[in-house]
Every structure is written in C-alpha cells, then in structure tokens.
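Chain residues, written in single-letter form:
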Amino acid sequence: MNTKRKTSDMLVATAQPATTTDGVSLQVSGLKLSLGGKNILRDISFSLREHGINILIGPSGAGKSTLLRCLNQLHADWQGEMLIMNHHARQWPGGTDALRHQMGLIAQKPAVFPCSIEKNVTFGLSSRERKHPPAGLIERVLRQAVLWDEVKDRLHESAAILSIGQQQRLCIARALALSPSMLLLDEPTASLDPRSKQLIEASLSQLAETMPLLCVTHDIEQAQRLGGQIIFMCDGRIIEIASADTFFTRPERLEAREFLRWSTCDCS
Ligand SMILES: Nc1ncnc2c1ncn2[C@@H]1O[C@H](COP(=O)(O)OP(=O)(O)O)[C@@H](O)[C@H]1O
Ligand SMILES: [Mg+2]
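Fair warning: this is a prediction, and the values are worked out from it, not measured in the lab.

Trainee: Tell me what's going on with the overall build of the protein chain, and back it up with residues and numbers.
Mentor: Helix and strand counts for the protein chain stand at twelve helices and ten strands. Residues counted as buried form 42% of the 268 residues belonging to the protein chain. For the protein chain, restricting intrachain contacts to residue pairs at least 6 apart in sequence, the fraction spanning at least 24 positions comes to 71%.

Trainee: Give a detailed account of unusual backbone geometry, specifying residues and quantitative values.
Mentor: You will see that Gln73, though not glycine, has its phi angle at about 65 degrees, which is positive. The topology assignment puts Gln73 in the loop between α2 (64-71) and β4 (79-84). We note that Asp235 has phi near 50 degrees; this positive angle belongs to a residue other than glycine. Topologically, Asp235 is positioned in the loop between β9 (229-234) and β10 (237-243).

Trainee: Go over the site of ligand 1 with me, naming the residues and quoting the values.
Mentor: What surrounds ligand 1 is the set Leu35, Gly36, Lys38, Ile40, Gly58, Ser60, Gly61, Ala62, Gly63, Lys64, Ser65 and Thr66. Secondary structure elements with two or more residues in the shell around ligand 1: β2 (38-49) and α2. Looking at which element gives the most residues to the shell around ligand 1, the answer is α2, with three residues. Its residues assigned to classes, the shell around ligand 1 comprises three nonpolar, seven polar and two charged.

Trainee: Hey, could you go over helix α12 (residues 254-262) for me, with residue numbers and the actual values?
Mentor: Within α12, the full set of buried residues consists of Glu255, Ala256 and Phe259. Down the axis of α12, the sector holding all buried residues measures 100 degrees, keeping them to one side. Among the exposed residues of α12, those pointing more than 90 degrees away from its buried face are Leu254, Arg261 and Trp262. Buried-residue contacts for α12 involve β9, β10 and α11 (244-249).

Trainee: Please set out the sheet that holds β9 residue by residue, giving values where relevant.
Mentor: The strand order across the open sheet built from six strands is β6-β7-β8-β3-β9-β10, with neighbouring strands paired in mixed fashion. What marks the edges here is a single partner per strand, and that holds for β6 (103-106) and β10. Neighbour-to-neighbour, the strand axes of the sheet open up by a mean angle of 15 degrees, direction not taken into account. Inspection of the sheet shows β6 paired to strand β7 (residues 182-186) by four bridges, in the parallel sense. Each residue of the ladder has a partner; that of Ile106, found in β7, is Leu185.

What counts and how
- Residues numbered from 1 in each chain as written.
- Chains lettered and ligands numbered in written order.
- Predicted model: local features only at pLDDT ≥ 70, side-chain atom pairs only at ≥ 80, totals over all residues.
- Helix = DSSP H or I, 4+ residues; strand = E, 2+ residues; numbered from the N terminus.
- Buried ≥ 20, exposed ≤ 12 C-beta atoms within 10 Å, placed from the backbone.
- Contact = placed C-beta atoms within 7 Å.
- Near = placed C-beta within 6 Å.
- Nonpolar A, V, L, I, M, F, W, Y, C, P; charged D, E, K, R; others polar.
- Arc of directions from axis to C-beta.
- Pairing = 2+ DSSP bridges.
- Axes fitted to C-alpha atoms, helices over the stretch in contact; angles between N-to-C directions.

Here it is in structure tokens:
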C-alpha cells in the first residue's frame, strides 16, 4: 500500500484485510456485469501482482473499457469478488472516492481542466494540500510522467496550451499526485504521435517498477514493447492469460491466434 496519503493511511490501518495473498495487489474472481439487459462482463477472474505491466487486449467491444470502469467503481452493479490490496472493494475504508484515488484511471482522451499546469497536477488533492502542496510533489509526479523538462518553466501557464501528448502525460501526473496503488490506462496513446507514445511508454515502464499497471492497447507492437502479463479478452470473457513472450509467439487459444492475425475473432 502506498503510504503517502495520510487520510487513506489512517483508514486502511483500521480496516480488516480479507484473506491475505502475498505479492498480489488486485484479485478479481467471477466478476460479472450486465448493462441494458446484456451480459457485458462474464465471469472475469485474474490477478495483478504488486508491480509490473499488464496489457489488456482484445477486439473492439470485448469489454476492456467496461472492465477498467468496473475496477474504478464507475459501474456500481457488478457481481463477484474484487480484492484490492487484500481489502474487499465494497468495504473499502473511506468509501468509493478513496478507492478511486488508489486506482488512477487514465482515459484515451486526456481531460485537462481549464487552469494552470500546476493546478491540474494538484486538482484531486484536498483543499489544504491544493493551497500548500507537499514539498516536491509537483516536480516528482511531473518527472514520473516524463513531462517535467517540458513544463518546468511554465507551471503557471494554462494546461490548454499543451499538445495532446503533453496533456496525456499531465493526466498521468495528476493521477500520480493522489499516490495511487495502481494505474488503469485505457488506450493512453491511441491518438498520439510516435514521440509522445514513446515518452508515455517510458513513463509506464518506469512506473511499473513500483506499482501494477493495467493498460488497454490495440497496438500489438506497443504491447510487445511493454511486455509483462497479457490478458486477452473477447466477448466479455478472459480467454487467455500469458506472459508477453508466450502470448505473442505461442498463443494457446484459437481466438488469440485469430486476433493476432486479424485483430478480430468470432467469439460473439
Ligand atoms: N452503458 C452501456 N450500456 C449498454 N451497453 C454498453 C454500455 N457500455 C458499453 N456497452 C457495451 O459493452 C460492450 C463492451 O464495450 P467496451 O467495454 O467499450 O468494449 P472495448 O473497450 O473492449 O472496445 C459493447 O458491446 C458496448 O456496446
Ligand atoms: Mg474501449
């Protein structure tokens, strides 16, 4: 558990953990979700270790974004079991908002607020911390997002003047300012130029040394570059979980082989 946020620390210290699974940050078992009367997530089970990159891939409509939103508690009606840092998600100390801080969600399109770069970084902090940010916090998270060198001389300027690639890195910095225990990223580089893509991949590789990342991508080459654990989804189910080396050279399931060949499969 990241220990930088005092409130979360206090709350977590009083919580009763569920059954302990050493070295695992997230354990999902039998997760199901229906939306509009349709089963969107069907019996999803997987775990994320305490650090490292996990790539979620699969055809459009497989349920990847829905799964990330479910983990971030943006869909409330899921069934099954979700253990985060060995605590049941539904009984998270401090409630849903505190849990969302622990699981930073980065969307495909960066959403920066109409204020300065600096204020964007501190946006999610308490009003006291926004007025007096912890020493070094802004520089630290902007460095982790590989953005510091490009903005250090203009932190008071509007975030709107940044390029889309810089705005995406700013969103990563903003999530990091909340001291998350893991990051969920939904196609974070889908609309970015190759240089921005490269910078974000560098940031993700570095962050994965200290926390688990769950990153959706349609970019097979990016998935190969980032490596780690591959979770392949199709039609609301997890079809195969394997290391990147194994998955991209010797996928076990026919659906995975079809997907790697055609970027689609006929599960649904
Ligand atoms: N709020 C919703 N209501 C009904 N169906 C939805 C809703 N959100 C997503 N879906 C459906 O869930 C399925 C999975 O969507 P999504 O998670 O966005 O897939 P992916 O990210 O893998 O492309 C799609 O069939 C989509 O139409
Ligand atoms: Mg999606």
